[in-house]
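Given next are the chains, with one letter for each unit.
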Amino acid sequence: MTQPKSHLSIALASIPAFLDNGRLDAAELQNLLDLALRDQAVDDDEKRVLGNIFKQAELGELDAEVRLRIDLARRQHGIPA
């Protein structure tokens, strides 16, 4: 059986983060980035999905560490704000 497209895996993996407490924590963020980087590149679909997840996360409160890591991921991988 083939693996689902990584952007779909990222989207599905983000659901529990927001259902749990409505906030994206550092471990959840790292998991999403690891999924995107499992092939050592972040493609356009992954950028789009991560950008949407980051926007959703920013609607609530973010820890300073998570804020910094989102900003870094955007700069490093060209993820839209």
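Our structure is the block above this text.
What counts and what doesn't
- Residues numbered from 1 in each chain as written.
- Predicted model: local features only at pLDDT ≥ 70, side-chain atom pairs only at ≥ 80, totals over all residues.
- Heavy atoms only, no water.
- Helix = DSSP H or I, 4+ residues; strand = E, 2+ residues; numbered from the N terminus.
- Buried < 20%, exposed > 50% of the residue type's maximum accessible area, 1.4 Å probe, protein only.
- Contact = heavy atoms within 4.5 Å.
- Patch = residues over 30% accessible without salt bridge, like charges linked within 9 Å, V, L, I, M, F, W, Y side chains within 5 Å.
- Areas by Shrake-Rupley, 256 points an atom, 1.4 Å probe, with all protein chains shown as cover.
- Salt bridge = Lys/Arg side-chain N within 4 Å of Asp/Glu carboxyl O.

Some details on the side chain of Ser-6
Item 1. As for its placement among the helices and strands, Ser-6 is situated in helix H1 (residues 6-20).
Item 2. With a relative accessible area of 15%, Ser-6 lands in the buried category.
Item 3. With near-sequence residues (within four places) excluded, Ser-6 lies in contact with Leu-35, Arg-38 and Glu-46.

With respect to a nonpolar patch on the surface
Item 1. Together, Leu-12, Ile-15 and Leu-19 make up a nonpolar patch on the protein surface, roughly 330 Å² of accessible area in all.
Item 2. Position of Leu-19 among the secondary structure elements: in helix H1.
Item 3. Overall, the relative accessible area of 68% leaves Leu-19 in the exposed class.

With respect to the environment of Ala-27
Item 1. Secondary-structure assignment places Ala-27 in helix H2 (residues 26-36).
Item 2. A relative accessible area of 58% places Ala-27 in the exposed class.
Item 3. For the pair Ala-27 and Ile-79, spaced 52 residues apart in sequence, the C-alpha separation works out to 19 Å.

Don't take any of this as a statement about function, it's just geometry.
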